[in-house]
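# Structural overview
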Amino acid sequence: RKEVEQDPGPFNVPEGATVAFNCTYSNSASQSFFWYRQDCRKEPKLLMSVYSSGNEDGRFTAQLNRASQYISLLIRDSKLSDSATYLCVVNSPPGGYQKVTFGIGTKLQVIP
Amino acid sequence: DARVTQTPRHKVTEMGQEVTMRCQPILGHNTVFWYRQTMMQGLELLAYFRNRAPLDDSGMPKDRFSAEMPDATLATLKIQPSEPRDSAVYFCASDQRHGGGTDTQYFGPGTRLTVL
């Protein structure tokens, strides 16, 4: 089983729709979680951190479920500019340093 | 606007040749990462350094890959000899970490490597 798993998609949604992605992780000792966004042929960029209490940034909401070991990203009122690949990142503490693991990414295509 | 820079941006080479990729982390960042991205495997961590010391290179094929930080402003990733299966985009990223905490990783634009 992969340490971090994501559905690669693509998710094709109409403009204005709400879409949600999940990302599961296998290491219960994982400490911190993030969502990154990657545009085609570009580098990944931080979208938002994921806190235990959940957090919201405009149309984006991230949540963490430690019991079931997954994080989620909800995008409301999708825009064409939201089309990108969304990568989840899990940091695990295997000792004196943290191991960083990226999911393979979920591709989102917002359609006019 | 501080950025991670990488050179070259594109590299086409023949199998068996040596490839060297360079990265300049953001000034003041103490942690540098090297990743490889392919369609099939996604983003894989190859190695990372903190305060120029290698902390983890378990993701890197040891027989042909080597990573170094000759100084705080330069990280290098070398492949010798290169093989077609090394074709990928290689990203460098840096961040500023204190103790065991995490911070935002800033990625460079990547080096797109093609080995023929």
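This text goes with the structure placed above it.
What comes next concerns the included structure. (Residues numbered from 1 in each chain as written. Chains lettered and ligands numbered in written order. Predicted model: local features only at pLDDT ≥ 70, side-chain atom pairs only at ≥ 80, totals over all residues. Heavy atoms only, no water.)

### With respect to the overall build of chain B
Counting its regular elements, chain B contains zero helices and 11 strands. Radius of gyration (C-alpha) of chain B: 14 Å, near the 13 Å computed for a compact globule of 116 residues. Taken along its principal axes, the extent of the C-alpha atoms in chain B is 40 × 30 × 30 Å. Among the 116 residues that make up chain B, the fraction classed as buried is 47%. In chain B, once contacts between residues fewer than 6 apart in sequence are set aside, the share between residues at least 24 apart is 54%. Roughly 5700 Å² of accessible area belongs to chain B as shown, and the carbon and sulfur atoms make up 50% of that amount. Between the centroid of the 13 positive side chains of chain B and the centroid of its 13 negative side chains there is a distance of 3 Å. (Helix = DSSP H or I, 4+ residues; strand = E, 2+ residues; numbered from the N terminus. Rg over C-alpha atoms; globule rule 2.2 N^0.38 Å. Buried < 20%, exposed > 50% of the residue type's maximum accessible area, 1.4 Å probe, protein only. Contact = heavy atoms within 4.5 Å. Areas by Shrake-Rupley, 256 points an atom, 1.4 Å probe, with all protein chains shown as cover. Lys, Arg positive; Asp, Glu negative; His and termini not counted. Charge placed at Lys NZ, Arg CZ, Asp CG, Glu CD.)

### Brief notes about the packing of aromatic side chains
Overall, the coordinates contain 11 aromatic pairs over all chains when judged by the stated rule. Measuring from centroid to centroid gives 5.5 Å for F21 of chain A and Y86 of chain A, while their planes differ by 35°, and the two rings are tilted. Separated by 65 residues along the polypeptide, F21 of chain A in strand β3 (residues 19-25) and Y86 of chain A in strand β9 (residues 84-92) bring together distant segments of the chain. The residues F21 of chain A and Y86 of chain A share a single accessibility class, namely buried. On the numbers, 6.0 Å between centres and 85° between planes, the contact of F91 of chain B with F107 of chain B is edge-to-face. Of the two residues, F91 of chain B is situated in strand β9 (residues 88-95) and F107 of chain B in strand β10 (residues 106-107); the sequence distance between them amounts to 16 residues. (Phe/Tyr/Trp six-rings, centres within 6.5 Å; stacked < 30°, edge-to-face > 60°.)

### Observations regarding the sheet that holds strand β3 (residues 19-24) of chain B
Sheet strands pair via backbone hydrogen bonds, and the direction of the pair is either parallel or antiparallel. All names here are of chain B. Pairing is antiparallel across the open sheet formed by four strands, whose spatial order is β1-β3-β8-β7. Strands with a single pairing partner mark the edges of an open sheet, and in this sheet they are β1 (5-7) and β7 (65-71). Along the sheet, successive strands turn relative to each other by an average axial angle of 20°, direction set aside. Pairing of β3 with strand β8 (residues 74-79) involves five bridges; the strand directions are antiparallel. Opposite V19, over in β8, you have I79 as the bridge partner. (Pairing = 2+ DSSP bridges. Axes fitted to C-alpha atoms, helices over the stretch in contact; angles between N-to-C directions.)

### Quick look at the side chain of T101 of chain A
All names here are of chain A. Assignment of secondary structure puts T101 in strand β10 (residues 99-102). Owing to a relative accessible area of 15%, T101 belongs among the buried residues under this scheme. Aside from chain neighbours lying at most four places away, what touches T101 is E3, V4, C88, V89 and V90.

### Observations concerning the state of the cysteines
All names here are of chain A. Summed over all chains, the structure comprises two disulfides over all chains. Each sulfur of the disulfide joining C23 and C88 lies 1.9 Å from the other. Residues C23 and C88 share a disulfide whose torsion about the S-S bond is about 50°; that sign makes it right-handed. Note that C23 is positioned in strand β3 and C88 in strand β9, a separation of 65 residues in sequence. For C88, a relative accessible area of 0% puts it in the buried group. (Disulfide = S-S within 2.5 Å.)

### Topic: the interface of chain A and chain B
Taken residue by residue, the interface counts 15 residues in chain A and 23 residues in chain B. A buried area of about 1600 Å², summed over both sides, lies between chain A and chain B, and 53% of it is on carbon and sulfur atoms. At the boundary of chain A and chain B, one finds zero salt bridges. Considering every element that reaches the side of chain A that touches chain B, the biggest residue donor is strand β4 (residues 32-38) of chain A, with four residues. For the side of chain A that touches chain B, the residue count by class is eight nonpolar, four polar and three charged. (Buried area = accessible area lost by both parts, 1.4 Å probe. Salt bridge = Lys/Arg side-chain N within 4 Å of Asp/Glu carboxyl O. Nonpolar A, V, L, I, M, F, W, Y, C, P; charged D, E, K, R; others polar.)

### So, the environment of V89 of chain B
Residues and elements named next belong to chain B. If you trace the backbone, V89 turns up in strand β9. Between the C-alpha atoms of V89 and G110, which are 21 residues apart in sequence, the distance is 6.1 Å. Excluding residues within four positions of it along the chain, V89 makes contact with Y35, R36, Q37, G110, T111 and R112.

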